[in-house]
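A look at the structure
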Amino acid sequence: MKLLTLPSDTNIPFMRWRVPAVATSLVLCVASIALFLIFGMNYGIDFRGGSVVELRFEEPVPIGELRSDIGSLNLGDVQIVEFGQPTDVMIRVEEQPGGEEAQQRVVIALRDMFGEVAEFRRVEVVGPRVSGELARAGAIAVVAALFAIMAYIWLRFEWHFAVGAVLTTLHDVILTIGLYSATQLDFNLTSIAAVLTIVGYSLNDTVVVYDRVRENLRRFKRMSMPELLNLSINQMLSRTLMTSITTVLALIALFIFGGEVIRSFTFAMIWGVVVGTFSSIFIAAPLLITLNLRPNRTGGDDPAAADDESAAGEAAAAEPARS
Amino acid sequence: MLHFARWQIVLIVLTVVVGILAVLPNLLPRSVLADMPGWLPKQQIVLGLDLQGGAYLLYQVDKEDYVDKRLRAVTNEVRQSLRAEPRIGYTGLGVVDGGVQVRVRDANQLDEARERLSELTNPLNQSLFGGSAVDEFELTEASNATLRLAFTQEGLDQRIRSIVDQSIEVVRRRIDELGTTEPSIQREGEDRILVEAPGGEPEQLKGLVGTTAQLTFHLVDTSISGEEAMRTRPPAGTMVLTTSEDDEFEPARPYVLEESPLLSGEDLVDAQPGFDQQTNEPLVTFRLTTSGARRFGEVTSRNVGTPFAIVLDDEIISAPVIREPITGGSGQISGSFSVQAANDLSILLRAGALPAGLTLVEERTVGPGLGADSIAAGETAAIVAAVLVALSMILVYGLFGVFANIALVTNIVLLMGLLSLLGATLTLPGIAGIVLTMGMAVDANVLIYERIREEGKAGRTPILAIDTGFARAFNTILDANVTTLIAAVILFQLGSGPIRGFAVTLALGILTTVFTAFLFTRLLVALWVRRKRPTAIPV
């Protein structure tokens with residue numbers, strides 16, 4: 001019945017590539033930050049205020065014509081894009097000067113202009129007061145999540161793991177921000193949800209690898225760190241691959257069939273899963289070496305663990321009593 | 001790990017059965033549901049506004065507007081208080097920097113003035129259970145015999161709180177009149193009101209909620225024309241207001257009105273839309289309270305021949321001339337209304353005025369068409385995702401993949417069941433959360449199966465390998481899922497509307513995942529092991 005076999009018993013020397021891998025990541029991180037600083041992000045109305053209106057016309061409408069029609073309303077910066085199909089357009093209007101009431105003017109003007117010929121499928125207006133609050137809340141949420149998770153991992157592991165996990169997650173967050181900056185995808189509240197989900201997923205992956213590292217640390221007390229990390233990653237490789245594959249499959253289904261509204265969310269998630277998988281192998285593990293989790297001790301100080309094999313054997317022998 | 005006591009099996013199966021029962025109402029039409037025995041759960045998953053279409057409107061009480069109005073009222077009180085016999089001479093009465101200020105002419109009368117004004121500090125009851133009463137205003141004194149009444153912070157906060165409560169009441173009365181299905185109106189934070197109403201046209205809703213609907217009747221001062229008063233200054237005690245600017249047929253016309261109103265919205269007992277018997281134009285008829293009717297009767301008998309103005313939120317609706325004394329206690333307002341406008345105005349008048357203006361600070365409306373499309377898209381995506389995940393599990397793990405898929409289905413059933421029982425709201429991001437859960441839920445099974453493989457390779461007998469595989473994978477599963485749970489909880493704290501829906505499904509999905517992977521799959525595998533007694537590692 002089994003038709004596919006995942007690679008098992010692999011012995012890929014991941015740690016041999018750790019320097020180029022980390023270097024690549026660093027370059028990507030720096031590039032992301034640079035992109036962010038130079039081009040910024042395409043903040044949506046949630047954070048910048050303004051209006052979004054999604055219209056469905058009875059028949060396809062040339063965007064250029066719409067642009068000149070709407071231009072006559074003097075609403076400032078207006079973006080008009082086709083949304084999903086030729087009859088659907090999304091119109092985004094920047095925040096109007098003049099406080100909360102002024103924002104409503106946009107919707108009223110658009111309703112006057114298109115109320116007869118188009119269905120108003122979605123209208124969103126965020127005033128200046130709320131947009132500021134939402135931006136603050138979003139930033140707080142991401143930072144709070146990182147801290148809460150660090151605290152939990154610290155509780156369950158040694159501090160090296162906590163720091164390693166948070167740095168790895170931070171890496172994923174930075175690369176995700178880089179993606180938003182490079183593609184100029186709308187960055188809104190849903191994107192914060194995407195970032196937090198990526199945080200959750202990436203950590204999930206990292207914790208699984210760390211969990212195995214912790215176990216192997218107890219088992220093979222004399223193994224060198226790079227060797228031990230390699231072993232742990234290889235042991236978890238088939239799981240890492242399988243979970244990434246099923247998750248990405250589910251996300252691809254969402255991306256293709258889930259509709260226009262959540263497409264950018266799904267796109268960011270797919271990127272996050274790929275980055276998260278990469279980082280749990282190539283960032284999370286090497287960080288443990290950098291953080292000096294196991295100082296270079298060469299045995300002798302722990303007579304009970306004189307021999308790797310016998311340690312493993314003991315663990316195995318002790319097993320039936322545990323279950 | 002493969003041994004289950006009978007009560008454990010019963011408990012696990014019972015949980016799954018409850019899950020199935022909780023999901024069922026979602027699949028049955030309401031008519032069938034009504035006929036089912038009472039002990040069965042009947043709650044259906046609530047669809048979010050982004051799926052069923054509707055409006056999410058966040059309003060903020062206009063503090064400045066309230067402060068402004070209140071200070072103007074206090075200015076009047078100060079004037080009356082100082083004019084009372086024996087009169088106290090004063091100058092420079094007015095609103096300065098958010099307080100009412102007045103200078104007493106004769107320093108000898110300062111004590112008396114202070115006495116009188118201190119009565120206006122208006123103590124507010126803080127609560128039933130003691131606590132010192134809070135004054136709304138604080139009376140301070142500057143060097144040159146100037147007295148000043150300014151809001152205290154606590155007083156203002158308390159006022160705003162009660163204004164929000166009153167506003168919620170008024171808004172509820174107005175929306176109830178519309179007959180919209182189950183709107184939700186609640187306080188958000190200090191000074192905001194969130195209105196969520198499914199379905200329908202948001203524009204009418206916005207008109208009804210956002211209008212202050214402060215109705216007043218004023219006598220028109222005919223000693224000076226409106227245009228002239230606008231150029232110069234209106235006489236003391238009068239103000240200039242204009243007719244509606246939206247009227248296409250008539251440009252806005254200014255009128256000079258007496259500042260203190262003859263009647264206000266509180267004097268109305270009823271308002272109904274109707275039609276003019278001659279012209280058949282839509283209008284609003286109203287009835288006055290007994291005292292209102294008496295006052296209106298007196299004033300109209302004294303002022304036959306002069307016009308009076310009907311003012312709604314500082315805009316003149318109409319300014320008819322009083323032809324004869326109106327003593328019957330009822331009247332009508334005509335002002336070239338549409339049928340809809342007459343209807344809305346009568347709703348507003350019946351429900352009463354808002355104590356302060358409400359400003360719309362966030363609006364999100366979704367039409368029913370988009371909502372239906374989103375549901376369809378979400379369903380398709382979920383089905384495709386389920387098939388893809390299930391196929392890959394079977395391809396890789398064979399029989400155990402089938403177990404994992406049974407667990408996956410159970411997982412989704414339990415998740416939907418929980419959502420139904422909790423009455424949680426399902427949003428489009430929520431559907432995304434479910435689909436994501438499908439992808440990640442198999443992770444627990446993958447962890448267990450890979451562990452079993454490893455234990456088998458380490459030389460354990462199949463049964464022992466399965467046993468240790470479950471035992472050792474558990475810690476990993478727990479740690480990995482708690483971290484995601486933390487992210488979900490924080491997301492819930494932050495989120496509004498749709499995002500909360502995502503956080504809820506993600507968090508509940510984690511709970512059901514741990515349950516199905518660790519108890520349900522294990523039970524399936526245990527039953528299989530008991531029957532087959534496998535001699536080779538099955539995964």
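What you are looking at is a predicted structure, and each value in this text was computed from that prediction instead of being measured.

A separate point is the domain arrangement of chain A. Its domain assignment divides chain A into domain 1 (14-41 + 131-300) and domain 2 (50-126). Computed from C-alpha atoms alone, the centre-to-centre distance between domain 1 of chain A and domain 2 of chain A is 39 Å.

So, on to the environment of Ile70 of chain A. Looking at the secondary structure, you find Ile70 of chain A in helix α3 (residues 63-71). Once you skip the residues sitting within four places of it in the chain, Ile70 of chain A turns out to touch Leu75, Val78, Ile80 and Ile91 of chain A.

Let's shift gears to the sheet that holds strand β20 (residues 358-366) of chain B. Strand order in the open sheet formed by eight strands is β3(A)-β4(A)-β2(A)-β5(A)-β20(B)-β2(B)-β10(B)-β9(B), and the pairing between neighbours is antiparallel. Both outer strands of the open sheet, β3 (78-83) of chain A together with β9 (184-188) of chain B, are each paired with one neighbouring strand and no more. Going across the sheet, the axis of each strand differs from the next one's by a mean of 20°, ignoring polarity. Examined bridge by bridge, β9 of chain B and strand β10 (residues 192-198) of chain B share five bridges and lie antiparallel to one another. Bridge pairing in β10 of chain B links Glu188 of chain B to Arg192 of chain B. Along the sheet, helix α11 (residues 368-397) of chain B makes contact with β2 (50-57) and β5 (118-126) of chain A together with β20 of chain B, crossing β5 of chain A at roughly 90°.

What follows is about the environment of Val27 of chain A. By the secondary structure assignment, Val27 of chain A is in helix α1 (residues 18-39). The spatial distance from the C-alpha of Val27 of chain A to the C-alpha of Asp46 of chain A is 31 Å, given a sequence separation of 19 residues.

With that settled, consider the environment of Ile256 of chain A. Residues and elements named next belong to chain A. As for its placement among the helices and strands, Ile256 is situated in helix α8 (residues 225-257). Its 14 C-beta neighbours within 10 Å are what place Ile256 among the partly exposed residues. A C-alpha to C-alpha distance of 23 Å links Ile256 and Asn42, two positions 214 residues apart in sequence.

Turning our eyes to something else, we now look at the confidence of the model for chain A. Residue and element names in this part refer to chain A. This prediction gives chain A a mean pLDDT of 85; 91% of its residues lie at or above 70. Across chain A, element-level confidence peaks in α1 with a mean pLDDT of 94 and bottoms out in helix α11 (residues 308-322) with 41. Every residue in residues 298-323 is under pLDDT 50, and counting partners more than four places away or in other chains gives 20 contacts.

To continue, consider the sheet that holds strand β11 (residues 215-219) of chain B. The strands that make up a sheet pair up through hydrogen bonds in the backbone, lying either parallel or antiparallel. All names here are of chain B. Taken in spatial order, the four strands line up as β14-β11-β17-β18 in an open sheet, and their pairing is antiparallel. Each edge of the sheet is formed by a strand with only one pairing partner; in this case those strands are β14 (263-264) and β18 (315-318). Note that β11 and β14 share two bridges and pair antiparallel. Each residue of the ladder has a partner; that of Phe217, found in β14, is Leu263.

Thresholds, definitions, all that
Residues numbered from 1 in each chain as written. Chains lettered and ligands numbered in written order. Predicted model: local features only at pLDDT ≥ 70, side-chain atom pairs only at ≥ 80, totals over all residues. Domains from an automatic or database assignment. Helix = DSSP H or I, 4+ residues; strand = E, 2+ residues; numbered from the N terminus. Contact = placed C-beta atoms within 7 Å. Pairing = 2+ DSSP bridges. Axes fitted to C-alpha atoms, helices over the stretch in contact; angles between N-to-C directions. Buried ≥ 20, exposed ≤ 12 C-beta atoms within 10 Å, placed from the backbone. pLDDT = per-residue confidence, 0-100.

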